[in-house]
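Okay, here's what each chain looks like letter by letter:
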Amino acid sequence: MATIAFHKMHGLGNDFVVLDHRDGGRTLNGAQIRALGDRRRGVGFDQLIVMEPARKGDVFMRIFNPDGGEAQACGNATRCVARLLGGEVVVETVAGLLPAVRVGDQIEVDMGPVRIGWDEIPLAEPAEDTARVEFGFGPLSGPACCNVGNPHATFFVIDADMVDVPGLGAPIERHPAFPEGVNVGFLTVHTPTELRLRMWERGAGETQACGSGACAALVGAVRRGFAERTATVRLDGGALAITWREDGHVTMRGPTAHVFQGTLELDEFRSDHD
């Protein structure tokens, strides 16, 4: 029976199953990924992370959502992979190279330059000002949109804790205004350096934390004049320190946890779980 080893890790409750395939490994199909991500019959994860040989960095990180679709970037997963590999690495993704360093007992990752052009996000139609896009859904309107390795729409709300995240996030994620789908953030600015964020992630649903979402939230708040370029973003799972540097790059720093490791019997994850 075919088995593979895995690590279970998380960053602020944003949890991952990590596979090390740098020396080769069996490729999982979409049905196996969905079955593995089932929190009752599988292991469960917000994203499945596969470490592969790098072409430019120290390791290539491939990211799969629980629905089997592939994602471009994930900040918290990058920090977990960096911790697993010793703390200071350059993680290669389809979205680019993400350098990570250890800062005390935390990991900081450079998520690269934020893209704010409407066609870079992308949006379905041109927008003169992506800091306040002319888009509304239910009680929400005017999101700040950008791309931090993947597309984000951040809505400014009076109290993020009162938002129906699934009820609003799910339909916005799939709205035609966002041709590649979108991660949806619900942001309350308490002070210029203290932000409260809740997240609906594309392909994963509501999560305890989203690193790229926290980066997008700070960038949006700065562009709207509500926040300083360095701030604490508090998510359901905990806090991240986010900085939007003058060179356009955005960094995120926070804790990671290695929960356990084990082996999977792949024959238990056949296509009949599809």
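The rules behind the values
Residues numbered from 1 in each chain as written. Predicted model: local features only at pLDDT ≥ 70, side-chain atom pairs only at ≥ 80, totals over all residues. Heavy atoms only, no water. Helix = DSSP H or I, 4+ residues; strand = E, 2+ residues; numbered from the N terminus. Rg over C-alpha atoms; globule rule 2.2 N^0.38 Å. Contact = heavy atoms within 4.5 Å. Salt bridge = Lys/Arg side-chain N within 4 Å of Asp/Glu carboxyl O. Buried < 20%, exposed > 50% of the residue type's maximum accessible area, 1.4 Å probe, protein only. 1 Å grid on protein atoms, 1.4 Å probe; cavity = no way out; pocket = protein on both sides within 12 Å on 5 of 7 lines; lining within 4 Å. Points joined across faces, edges and corners; volume = space filled by probe spheres on them. Nonpolar A, V, L, I, M, F, W, Y, C, P; charged D, E, K, R; others polar. Pairing = 2+ DSSP bridges. Polar contact = N/O pair within 3.5 Å; in protein donor to acceptor, adjacent residues only side chain to side chain. Disulfide = S-S within 2.5 Å. Expected span 1.5 Å × (residues − 1).

### Describing the overall build of the chain
Looking only at helices and strands, the chain features four helices and 19 strands. Computed over the C-alpha atoms, the radius of gyration of the chain is 18 Å, within 12% of the 19 Å expected from 2.2 N^0.38 for a compact globule of 274 residues. Seen along its three principal axes, the alpha-carbon backbone of the chain occupies a region of about 55 × 40 × 30 Å. In the chain, once contacts between residues fewer than 6 apart in sequence are set aside, the share between residues at least 24 apart is 61%.

### A short note on the pattern of salt bridges
This structure, assessed with the given rule, holds 16 salt bridges. When the shortest N-O distance is used, the salt bridge between glutamate 194 and arginine 234 registers 3.0 Å. Placement of the pair is glutamate 194 in strand β14 (residues 194–201) and arginine 234 in strand β16 (residues 230–235), with a sequence separation of 40 residues. When its relative accessible area of 40% is taken as the criterion, arginine 234 is described as partly exposed.

### A closer look at the layout of surface pockets
A volume near 200 Å³ is recorded for the largest pocket. Along its surface, the largest pocket is lined by 13 residues, and Glu125, Pro126, Ala127, Val133 and Glu134 are the ones closest to its centre. Residue composition of the lining of the largest pocket, grouped by class: eight nonpolar, no polar and five charged. Its volume calculated, the second largest pocket comes out at about 160 Å³. Listed by contribution, the elements that provide at least two residues to the lining of the second largest pocket are β3 (47–52) and β4 (59–64). The dominant element in the lining of the second largest pocket, judged by the number of residues it contributes, is β3, at three residues. Taken together, the residues of the lining of the second largest pocket break down into seven nonpolar, four polar and three charged.

### Regarding empty space enclosed by the protein
Scanning the entire structure with this criterion turns up one cavity of 30 Å³ or more. The calculated volume of the largest cavity comes to roughly 100 Å³. Residue lining of the largest cavity: 15 residues in total, with Gln47, Ala73, Asn150, Asn183 and Glu201 positioned closest to the centre. Taken together, the residues that form the lining of the largest cavity break down as four nonpolar, nine polar and two charged.

### Brief notes about the pairing of strand β1 (residues 3–11)
Pairing of β1 with strand β19 (residues 257–265) involves eight bridges; the strand directions are antiparallel. The partner of histidine 10 across the bridge, within β19, is alanine 257. Relative to strand β2 (residues 14–20), β1 runs antiparallel, the two being bridged by five bridges. Of the residues in β2, the one forming a bridge with glycine 11 is asparagine 14. The antiparallel hairpin formed by β1 and β2 contains two residues in its connecting segment, where leucine 12 sits at a positive phi of about 60°.

### A short note on helix α1 (residues 30–37)
Of all the eight residues making up α1, six are buried; the element is thus mostly covered by neighbouring parts of the structure. Every buried residue belonging to α1 is among Ala31, Gln32, Ile33, Ala35, Leu36 and Gly37, and all of these are buried. Contacts from the buried residues of α1 go to β2, β3, β4 and β19. Residue asparagine 29 occupies the N-cap position of α1, its side-chain oxygen lying 3.1 Å from the main-chain nitrogen of alanine 31.

### Structural notes on the state of the cysteines
Taken as a whole and assessed by the stated rule, the structure comprises zero disulfides. Cysteine 74 provides the cysteine sulfur closest to cysteine 80, a residue in no disulfide bond, and the two sulfurs are 8.1 Å apart. The buried category is assigned to cysteine 80, whose relative accessible area is 1%. Here cysteine 146 stays unpaired: no disulfide links it, and the sulfur of cysteine 145, its closest cysteine neighbor, is 7.7 Å away. Taking relative accessible area as the criterion, cysteine 146 reaches 2% and is therefore assigned buried.

### Concerning helix α4 (residues 211–223)
Given a rise of 1.5 Å per residue, 13 residues ought to cover 18 Å, and the 19 Å separating the end C-alpha atoms of α4 matches this to within 8%. Counting buried positions over the 13 residues of α4 gives twelve, a clear majority of the element. Turning to α4, its buried residues number three or more, namely Gly211, Ser212, Gly213, Ala214, Cys215, Ala216, Ala217, Leu218, Val219, Gly220, Ala221 and Val222. In the stretch just after α4, glycine 225 is the one whose phi turns positive, near 85°.

Purely spatial values, then, with no claim about function.
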